[in-house]
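Chain by chain, the residues run as shown.
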Amino acid sequence: MTHSEGDGGVSGPSLMFAATPLNTRNHRLQWLFRALFGLMTLILVVPVGIIFGVLLVRGGPAISFEFLFSYPSDGMTAGGIWPALVGTIWLVAVSLVASVPVGVAAAIYLSEYASDSWLTRGINLAIINLAGVPSIVHALFGVGAFVIFAGFGTSILAASLTLAVMTLPLVIVATRESLQAVPMAFREACWNMGATRWQTIRTVVLPNAISGILTGVILSVSRTAGETAPIMFTGAAFFFPFLPTSVFDQTMAMAMHLFVISTAVPGAPDELKYGTALTLITLVLLMNAGSIWFRSYLRGKKKW
Amino acid sequence: MVVTDVKLAVRDLNILYGSQQALSGVSLDVHEHEIFGIIGPAGSGKTSFLRTLNRMEMLQENMTVDGSIVFDGHDISEIKNVYALRRRIGVVFPLPVGLPLSIYDNVALAPRLSGIKDKSALDEIVEQCLMRAALWDEVKDRLDVLGSLLSGGQQQRLTIARALSQDPELLLLDEFSIAVDPVTTMRIEDVLKELKEEITIILVTNLVQQARRLADRTAFFLDGKLIEVGETEALFSGEVKDRRTLDYLEGRFG
């Protein structure tokens, strides 16, 4: 940079634009922070890149039509992952059906209806705490509440409900944040027209919060598909060579299957493990991509 | 003016935000078919006053109101169905609020909320309200465009059209011209003069001259108190009861 050019006894205007020491300092700081933030972003991306690279290289060759669509064989040291794949889709779907309506409704209540009292503050605190509960504790809760007390047995239903309880805070927090991002002026304008709270929520608030709500759903899909502990005792089977026919069946699941062949099956080829991991990540990415597409579709239709 | 013409009677109105008094002991009458101007510096309680008229204080947690407000012979604190009350009172805010809906839906929202579903009836309301708000010619070919994409001045006229779509008997305007250019302001002012043949208008304004142009009577608020209320022309010609009113009108304040 040649800030000093204009200093050499030239005419007035160029002096006026010469950098003062403060300008120079600000420029340097600006450059420094930009570099720093860029570096942090890079650090963030590196592990993701490595994980994908390794999985692609080592698991890629294992992926085949047969791998995806056939049953495990030879004591799970060969064959495919079809029942686990199907099982994971079941678990994600059933747990979304349980967690999204409850989470969204609770968030709407907390954000749009509840007044700011010690009770709502307590509820908000409870939600944050729920997010911090270790997944194995959720698993034990699931065993007690769904498997035994509700009498669902070890089943897709019990496992999915356990997962739903675990992902509820994600859905609630994301929904609440996106509801609160809708300008207050929109609500006031509606209320002034004589709209009830529900009319306001339906016509103005929800349509504008939907993309944020979907972000919460995306996060919870990833979390649901990847968790092992909560389903271990509640519905995921070690080896269950059938496709589930109802929510009361047990099922295999990808994350559980990966855990099992990595720790409990001597002689399972690495290729199989990497292939399973790659399929799991790809499945989650596909589900996310679907929601992201849907979100941008909704965003394209709006708004302010 | 005859006594029976009173559209809105306010007596001993006090407004508190927590323990802070925003308005104290305000009593005034607003007559049918007049434009009632309210002027006063920032923080004098003008907006709080408007908010109480359609009971928006119910939606604000720390806001308490006492005193009586009688609208069309009904004490509004005793009205159970506040939604019906709010539908009869249109409100326009200082900054335009183009709801993230199409132009058409912005104006059709209030009628729809009150249960009108018939497409041709809605079409007619939308056209009529946009015409009355002097916006129809500019938007009639693109009613399906988002209202929030219009310019600031257009959005404010859209807001007025939306307020009119409720078919209100009372229109509250809170410094409507802040984000509007002078030409549009004049057009809206002309609209208001026509509207007062049909409805009653309360106009809060920071522009003293706007009150002079439009208001039949004007009230001067200062520090949460009503200093005085009188015929606008009389006030501006110096017939004031309180010295401070004249100072404010002539810009010799503070």
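Details of the structure are given in the entry above.
To start, this report covers the structure provided alongside it. As the structure is a prediction and not an experimental result, all values here were calculated from the model.

Rules used throughout
Residues numbered from 1 in each chain as written. Chains lettered and ligands numbered in written order. Predicted model: local features only at pLDDT ≥ 70, side-chain atom pairs only at ≥ 80, totals over all residues. Helix = DSSP H or I, 4+ residues; strand = E, 2+ residues; numbered from the N terminus. Rg over C-alpha atoms; globule rule 2.2 N^0.38 Å. Buried ≥ 20, exposed ≤ 12 C-beta atoms within 10 Å, placed from the backbone. Contact = placed C-beta atoms within 7 Å. Nonpolar A, V, L, I, M, F, W, Y, C, P; charged D, E, K, R; others polar. Pairing = 2+ DSSP bridges. Axes fitted to C-alpha atoms, helices over the stretch in contact; angles between N-to-C directions. Parallel < 35°, antiparallel > 145°, perpendicular 65-115°, else oblique. Left-handed = near helix turned anticlockwise from the far one by under 90°.

What follows deals with the overall build of chain A. Regarding its fold elements, chain A presents twelve helices and two strands. Its helices and strands in sequence order give chain A the pattern α-α-α-β-β-α-α-α-α-α-α-α-α-α, from N to C terminus. Taking 19 Å as the expected radius of gyration for a compact globule of 304 residues, we find that chain A reaches 26 Å, considerably beyond that expectation. When its C-alpha atoms are laid out on the principal axes, chain A stretches across 90 × 60 × 35 Å. Residues counted as buried form 38% of the 304 residues belonging to chain A. Across chain A, contacts joining residues at least 24 apart in sequence account for 75% of those joining residues at least 6 apart.

Contacts between the two partners involve 18 residues from chain A and, on the opposite side, 19 residues from chain B. Of all elements in the fold, only helix H8 (184-192) and helix H9 (197-226) of chain A reach the threshold of two or more residues within the side of chain A that touches chain B. The residue makeup of the side of chain A that touches chain B, split by class, is eight nonpolar, seven polar and three charged.

Residues and elements named next belong to chain B. Strand order across the open sheet formed by four strands is S2-S1-S4-S5, with antiparallel pairing between neighbours. Bordering the open sheet on either side are strand S2 (20-31) and strand S5 (74-75), each of which pairs with just one other strand. By the bridge criterion, eight bridges tie strand S1 (residues 6-17) to strand S4 (residues 63-71) in an arrangement that is antiparallel. Looking across to S4, one finds that Tyr-17 is bridged to Met-63. Contacting S1, S2 and S4, helix H1 (residues 46-53) runs over the sheet at an angle of about 65° to S2.

This paragraph deals with the pairing of strand S3 (residues 35-39) of chain B. Residues and elements named next belong to chain B. Across the five residues that make up S3, a large majority, five, are buried. Residues Ile-35, Gly-37 and Ile-39 point to one face of S3 and Phe-36 and Ile-38 to the other, with burial holding for every one of them. Summarising the sheet, S3 and strand S8 (residues 200-204) pair through four bridges and their orientation is parallel. Bridged to Phe-36 within S8 is Ile-202.

Here Gln-180 of chain A is to be found in helix H7 (residues 156-180). According to the C-beta neighbour criterion, Gln-180 of chain A is partly exposed, with 16 such atoms within 10 Å.

All names here are of chain A. Packing of helix H5 (residues 118-132) against H7 brings their axes to within 8 Å, and their N-to-C directions diverge by 135°. In terms of orientation, H5 lies oblique with respect to H7. In this structure, the crossing between H5 and H7 has a hand that is left-handed. For the pair formed by H5 and H7, the contact residues are Ile-127, Leu-130 and Ala-131 on the first element and Leu-168, Pro-169, Ile-172 and Val-173 on the second. Residue composition of the contact of H5 with H7, grouped by class: seven nonpolar, no polar and no charged.

The quantities given are spatial measurements derived from coordinates; they are silent on function.
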